[in-house]
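Letter by letter, the chains look like this.
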Amino acid sequence: MILPPHSLGILGSGQLGRMFTLEAIQMGYTVHVYSPDKNSPSCKAGAVEWTGSYSDFSSLKRFLDTVSSLSFEFENIPPACLDFIEEYAKSRDEKFLAPNVHSIKIAQDRIFEKEFFNSIGLNTVLYLPIITGNEDFSKFPMPSILKTTRFGYDGKGQWKFTNAIELKEFLKSNPASKESPYILEAFYPFDYEISVIYARSHEGKEFIFPPALNYHRNSILDMTEFPAPIPENIHNLAISSASLLGKSLKYAGVFGLEFFVAGDELVVNEFAPRPHNSGHYTQDGSDISQFELQLRILTGMDLPEQNSIKPCLMKNILGDDYANSLNLCLELMSKDSRYHLHLYQKDEAKPGRKMGHLNFTGQKSEVDKRFFNLT
Ligand code: AMP
């Protein structure tokens, strides 16, 4: 087991690295983060900041030599960097990496991801890889969503089409190639979206939260309601799907798995091989957060047998109307201690940028209605 004050490494230095850092520092660990950014949210929480490119392998090696184990806070890591880390990890303890590089490579490519889901028996929406642009999509159901296979997040790199002619036109001016392929997905008329936060230790011990219900605005997660008020069969299916994925990947670490649900049918959308925005309710609606789970796995600390949870609503605060949002958060907090503010200390508030979130530990019916207007 890695004991405090040993150093733990995180690739990336944004808000997820920050919230990990806060947990780790509380338990006496030192955190080192590596990214091209300076003055990052993680650094402001007390992490040692390494500013370097993901292709500067000599700098990366010095960073890796400094830490006792390594985790990640984002998945869009250049493949050459991942290969370097995988090779490097062979010279260290077998539990140096959590999760393994294989899992990250699957998660960072929407085609690999869907193929993998299907290969282990998880249902996905109907899809078609678009690699040459000569694929026949004349019979593909419409409406459909075309997505870049990599580097998409918060609805970026996605276009909805209502007919094949529009799609053809788009591909004429934005051609597909081996270097920049697309995936075409049938639009799935879901009733609602849920996600599961899943953790698994190197020894294979699992810790799985009940599903949470997610609401999106402009393709960005807006609010999460935990636990999701959903039928038991959907709840059980979501948990067993997450467990199947974790075991199949020989996963060590935390992931968030997203689903679309229509009636009694559940399809897997995607997974993020790290703590997930829809899991921020765990900071106040559970006695163990997704970041503490990540920390425990990274240090070899056992995962708990038991946990108590509270109902929790999580609302993202974006940079669009930041000053007003902050004022409202502070006003709500001055009236009721069940509101918990988490800000990321980002340098600049920009539209669409995630600046923080507000958790409310109570029932949806009890929350101040203005909470829903926070943007
Ligand atoms: P993604 O980046 O794949 O998570 O997509 C962002 C959001 O777009 C999802 O949370 C859904 O609300 C919506 N979306 C993505 N793919 C589909 C689909 N195939 N059918 C319906 N809605 C989708």
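The model shown is predicted, which means the values in this text are computed figures rather than measured ones. (Residues numbered from 1 in each chain as written. Predicted model: local features only at pLDDT ≥ 70, side-chain atom pairs only at ≥ 80, totals over all residues. Heavy atoms only, no water.)

Colleague: Please give an account of the layout of surface pockets that cites residues and values.
Modeller: Quantified by volume, the second largest pocket comes out at close to 240 Å³. Taken together, 16 residues form the lining of the second largest pocket, with Glu94, Leu97, Pro99, Asn100 and His202 sitting closest to its centre. Across the lining of the second largest pocket, the residue classes tally to 7 nonpolar, 3 polar and 6 charged. A domain-level breakdown of the lining of the second largest pocket finds at least three residues from each of domain 1 (7–97) and domain 3 (192–373). (1 Å grid on protein atoms, 1.4 Å probe; cavity = no way out; pocket = protein on both sides within 12 Å on 5 of 7 lines; lining within 4 Å. Points joined across faces, edges and corners; volume = space filled by probe spheres on them. Nonpolar A, V, L, I, M, F, W, Y, C, P; charged D, E, K, R; others polar. Domains from an automatic or database assignment.)

Colleague: Please provide a residue-by-residue account of the sheet that holds strand β3 (residues 48–51), values included.
Modeller: Spatial strand order, β3-β2-β1-β4: 4 strands in an open sheet with parallel pairing. A strand with exactly one partner marks an edge of an open sheet, and here the two such strands are β3 and β4 (69–72). Ignoring strand direction, the axes of neighbouring strands in this sheet form an average angle of 25°. Two elements, strand β2 (residues 30–35) and β3, share 4 bridges in a ladder whose sense is parallel. Directly across from Val33, in β3, lies its bridge partner Glu49. (Pairing = 2+ DSSP bridges. Helix = DSSP H or I, 4+ residues; strand = E, 2+ residues; numbered from the N terminus. Axes fitted to C-alpha atoms, helices over the stretch in contact; angles between N-to-C directions.)

Colleague: Describe the nonpolar core, with residues and values.
Modeller: Ranked by size, the top nonpolar core spans 31 residues in total, and within it Leu8, Phe20, Phe209 and Leu293 carry the most contacts. Elements represented by at least two residues in this core include exactly β1 (7–11), α1 (15–26), β2, β9 (192–200) and α9 (290–299). Take this core: its biggest share by element is 5 residues, from α9. Taken domain by domain, the makeup of this core includes at least three residues from each of domain 1 (7–97) and domain 3 (192–373). Once residues lying within four places of it in the same chain are set aside, the contact partners of Leu293 are Ala199, Phe207, Phe209, Val254, Ile288, Leu303 and Pro304. (Core = buried A, V, L, I, M, F, W, Y, C linked by side-chain atoms within 4.5 Å. Buried < 20%, exposed > 50% of the residue type's maximum accessible area, 1.4 Å probe, protein only. Contact = heavy atoms within 4.5 Å.)

Colleague: Describe the environment of Ser91, and please don't skip the residues or the numbers.
Modeller: Residue placement: Ser91 occurs in the loop between α4 (79–89) and α5 (101–107). With relative accessibility at 58%, the residue Ser91 sits in the exposed group. Engagement of the side chain of Ser91 in a polar contact is seen with the backbone oxygen of Tyr88, the distance being 2.6 Å. (Polar contact = N/O pair within 3.5 Å; in protein donor to acceptor, adjacent residues only side chain to side chain.)

Colleague: Any details on the site of the ligand? Residues and values, ideally.
Modeller: What surrounds the ligand is a group of 15 residues, the closest being Lys147, Gln158, Tyr188, Glu193 and Glu270. In this structure, an oxygen atom belonging to the ligand sits 2.7 Å away from a side-chain N or O atom of Lys147. At 3.4 Å, a side-chain N or O of His216 approaches an oxygen atom of the ligand. Contact with the protein chains covers 92% of the free accessible surface of the ligand, which is 470 Å². Counting only elements with at least two residues in the shell around the ligand, the list comes to β6 (144–148), β8 (182–186), β13 (253–262) and β14 (265–272). Of the residues contributing to the shell around the ligand, the split by class is 6 nonpolar, 3 polar and 6 charged. Residue assignment places the shell around the ligand across two domains, with domain 2 (126–186) and domain 3 (192–373) each supplying three or more. (Near = heavy atom within 4 Å. Areas by Shrake-Rupley, 256 points an atom, 1.4 Å probe, with all protein chains shown as cover.)

Colleague: Which residues make up the domain arrangement of the protein, and what values do they have?
Modeller: Taken domain by domain, the protein consists of domain 1 (7–97), domain 2 (126–186) and domain 3 (192–373). Counting the surface lost from both domain 1 and domain 3, the interface buries some 2100 Å², and carbon and sulfur atoms represent 60% of this. Viewed at the interface, domain 3 and domain 1 are joined by 3 salt bridges. Its salt-bridge partner being Glu75, residue Arg274 comes within 2.5 Å of it at the nearest N-O pair. On inspection of domain 1 and its partner domain 3, the count reaches 12 residue pairs in polar contact (both at pLDDT 80 or more). Counting residues per element, the ones that place at least two in the side of domain 1 that touches domain 3 are β1, α1, α2 (41–44) and β4. Tallying contributions element by element places α1 first for the side of domain 1 that touches domain 3, with 7 residues. Across the side of domain 1 that touches domain 3, the residue classes tally to 13 nonpolar, 5 polar and 6 charged. (Buried area = accessible area lost by both parts, 1.4 Å probe. Salt bridge = Lys/Arg side-chain N within 4 Å of Asp/Glu carboxyl O.)

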